[in-house]
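Secondary and tertiary structure notes
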Amino acid sequence: MLCDFYELTMANGYFRKGYQDKITYFDVFFRKVPDEGGFAIAAGLEQLIEYIENLHFSEEDIAYLRSRGIFDDQFLEYLRTFHFTGDIWAVPEGTPIFPNEPLMTVRAPAIEAQMIETYALLCFNHQSLVATKANRVVRAAQGRPVLEFGARRAQGADAAVVGARAAYIGGVAGTATVLSDQVYGVPAVGTMAHSWVQMFDSQYDAFRAYCEMYPQNAVLLVDTYNTLKSGVPDAIRAFNDVLKPMGITKCGIRLDSGDITYLTKAARRMLDDAGWTDCTITVSNSLDEYLIRDLLLQGAQINSFGVGERLITARSEPVFGGVYKLVAVEEDGQVVPRIKISENVTKITTPHFKKFYRFFGNDTGKAIADYLCVHDETVDDTKPLTIFDPDATWKKKEVRNFTAKEMLVPVFRGGQLVYQQPALSDIRTYCAGQLDTLWDEVKRFDNPHRYYVDLSRKLWEIKYKLLEKPY
């Protein structure tokens, strides 16, 4: 029942018109990369799989729908045994993705395909948004670990838990959200809040107690009162009194306020002068990729970052904008393309049952372009291929010495799961490897190079023939 009401009214209409068994094709795609970036990262497939495998209507659901007084009784009986029987192809989670290419294609009877629209978009839009934002933050940190600290400001419990999962795919090292560790295996980390320090008679007593209880993970929050006058000195004193006799040199401090650049430089000098050269400095406080980049440019002495609200909510652009559009139907066993036309050119869809390839240069291993084509086309990567901009067709490029890889993989066939779901750690590793195939110009934060997403000649001709058709 987590769907838009129009999915149910349309499903009822399809049933009454005899369209319930009509095979349809829908694409999930997006039109614009958040933050004007050069690419996004696909995430959310695991949750969609779980939803589809458990999709059904309970007696309580049917009773509610009957109470609305607009649904046909035979349709409600049909819902009693409803389950998904169609086919789904999708890009694996962690794949870099670009506007207007299918992240997922659904082939299913009309009602079934329509009924999964909201949940498919909910999964992909939210997690792809967070994974993309997380990766921007991680890249800004230049190899320093980033921890996701945003649960308390996420838009709800589910957003916090699966948001941490998506952030891990995007490259963060861990999360403060314990449930994400328990359910998905995102490493949970954390030390203390200001309340711990305030609870004791003195800041030193608080630090000493923490070091005694957690000597192998003594990271002390030093800005409760005065960072340089008492916070760092009391931390050094606790390290000397508790950790040093135990032979432990691994420890850390955290800053959550103030002039981070100035304070970290001063704290680093104080720690080094006291002999705690291995003590790490972690900072937090409403960070994002731009603030992190500026801090490092200013010479801030930081070993790791805790990033909260601006990551988990993707505050700078909190909507991914993925859509779910009909692209074809089957009539007499033939796939018949469908198109949506709009005066807003960006909303014109690319019709037909499609697949797409990613071309990798054999000499560099880098991604050259993505190539959308009709499902029955194949690419012979042993021969040169001319690709062209689908909007400015005079812009052409001959691709040579390349490998073509199909990006959509089977997930469901005939309603049965055929996809071997990887472990989350493997998705994260895959994502990092795929990002390495992108040129640095595509990964710029500002004014990135526009990656080529082109149509085959056959697909382009189908699209423009439909555009010229009188409606």
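Anyway, here's the lowdown on the structure attached to this text. Predicted, not measured: the structure shown is a model, and the values here were computed from it.

1. Digging into the packing of helix H10 (residues 203-213) against helix H11 (residues 227-243)
Two numbers describe how H10 lies on H11: the axes approach to 9 Å, and their chain directions differ by 40°. Taken together, the axes of H10 and H11 lie oblique to each other. Classified by chirality, the crossing of H11 by H10 is right-handed. Residue-level contacts link Gln203, Tyr204, Phe207, Arg208, Cys211 and Glu212 of H10 to Ser230, Gly231, Asp234, Ala235, Arg237, Ala238, Phe239, Asp241, Val242 and Leu243 of H11. Considered class by class, the residues forming the contact of H10 with H11 number 8 nonpolar, 3 polar and 5 charged.

2. Considering the packing of helix H7 (residues 157-170) against helix H15 (residues 424-435)
Look at H7 against H15: their axes get within 7 Å of each other, and the N-to-C directions meet at 40°. Relative to H15, the element H7 lies oblique. In this structure, H7 uses Arg165, Tyr168 and Ile169 to contact H15, whose residues at the interface are Leu424, Ser425, Ile427, Arg428 and Cys431. Its residues assigned to classes, the contact of H7 with H15 comprises 5 nonpolar, 1 polar and 2 charged.

3. Section: the sheet that holds strand E18 (residues 402-406)
With respect to topology, 4 strands assemble into an open sheet ordered E18-E14-E15-E21, the strand pairing being mixed. Bordering the open sheet on either side are E18 and strand E21 (452-455), each of which pairs with just one other strand. Neighbouring strand axes in the sheet, compared pairwise and without regard to direction, differ in orientation by 25° on average. Across 5 bridges, the pairing between strand E14 (residues 354-361) and E18 is antiparallel. Counterpart to Arg358 in the pairing with E18 is Lys405.

4. As for the layout of surface pockets
In this structure, the largest pocket spans a volume of roughly 1100 Å³. Lining the largest pocket are 39 residues, with Phe149, Gly190, Thr191, Arg254 and Ser284 sitting closest to its centre. Sorting the residues of the lining of the largest pocket by element identifies strand E8 (219-221), strand E9 (252-255), strand E10 (280-283) and strand E11 (304-307) as the ones contributing at least two each. Of the residues belonging to the lining of the largest pocket, the class tally is 15 nonpolar, 17 polar and 7 charged. Taken as a whole, the second largest pocket holds about 860 Å³ of empty space. Taken together, 32 residues make up the lining of the second largest pocket; nearest its centre are Arg31, Pro99, Asn100, Asp391 and Arg450. Within the residue set of the lining of the second largest pocket, elements represented by two or more residues are strand E1 (23-30), E21 and helix H16 (457-468). Examining the composition of the lining of the second largest pocket, we find that 3 residues originate from one element, H16, more than from any other. Of the residues contributing to the lining of the second largest pocket, the split by class is 15 nonpolar, 7 polar and 10 charged.

5. Focus on the environment of Asn447
Looking at the element boundaries, Asn447 is found in the loop between H15 and E21. For Asn447, a relative accessible area of 68% corresponds to the exposed category.

6. Looking at H7
In a regular helix each residue adds 1.5 Å, so 14 residues correspond to 20 Å; H7 covers 20 Å between its end C-alpha atoms and thus fits that length. Counting buried residues along H7, 12 of its 14 residues qualify, which places the element largely inside the surrounding structure. When we look at burial in H7, the residues that qualify are Ala159, Ala160, Val161, Val162, Gly163, Ala164, Arg165, Ala166, Ala167, Tyr168, Ile169 and Gly170. A positive phi of about 125° marks Gly171, the residue just after H7.

7. Brief notes about empty space enclosed by the protein
Gaps between atoms show up when a probe of the same size as a water molecule is rolled over them. According to the stated counting rule, one finds 2 cavities of 30 Å³ or more in the structure shown. Looking at the lining of the largest cavity residue by residue, the class counts come to 5 nonpolar, 4 polar and 4 charged. Space inside the second largest cavity adds up to approximately 40 Å³. Forming the walls of the second largest cavity are Leu45, Glu46, Ile49, Glu93, Tyr419, Gln421, Pro422 and Ile427. Looking at the lining of the second largest cavity element by element, the count peaks at 3 residues for helix H2 (residues 45-53). Taken together, the residues of the lining of the second largest cavity break down into 5 nonpolar, 1 polar and 2 charged.

Here is what the cut-offs are and how they apply
- Residues numbered from 1 in each chain as written.
- Predicted model: local features only at pLDDT ≥ 70, side-chain atom pairs only at ≥ 80, totals over all residues.
- Heavy atoms only, no water.
- Axes fitted to C-alpha atoms, helices over the stretch in contact; angles between N-to-C directions.
- Helix = DSSP H or I, 4+ residues; strand = E, 2+ residues; numbered from the N terminus.
- Parallel < 35°, antiparallel > 145°, perpendicular 65-115°, else oblique.
- Left-handed = near helix turned anticlockwise from the far one by under 90°.
- Contact = heavy atoms within 4.5 Å.
- Nonpolar A, V, L, I, M, F, W, Y, C, P; charged D, E, K, R; others polar.
- Pairing = 2+ DSSP bridges.
- 1 Å grid on protein atoms, 1.4 Å probe; cavity = no way out; pocket = protein on both sides within 12 Å on 5 of 7 lines; lining within 4 Å.
- Points joined across faces, edges and corners; volume = space filled by probe spheres on them.
- Buried < 20%, exposed > 50% of the residue type's maximum accessible area, 1.4 Å probe, protein only.
- Expected span 1.5 Å × (residues − 1).

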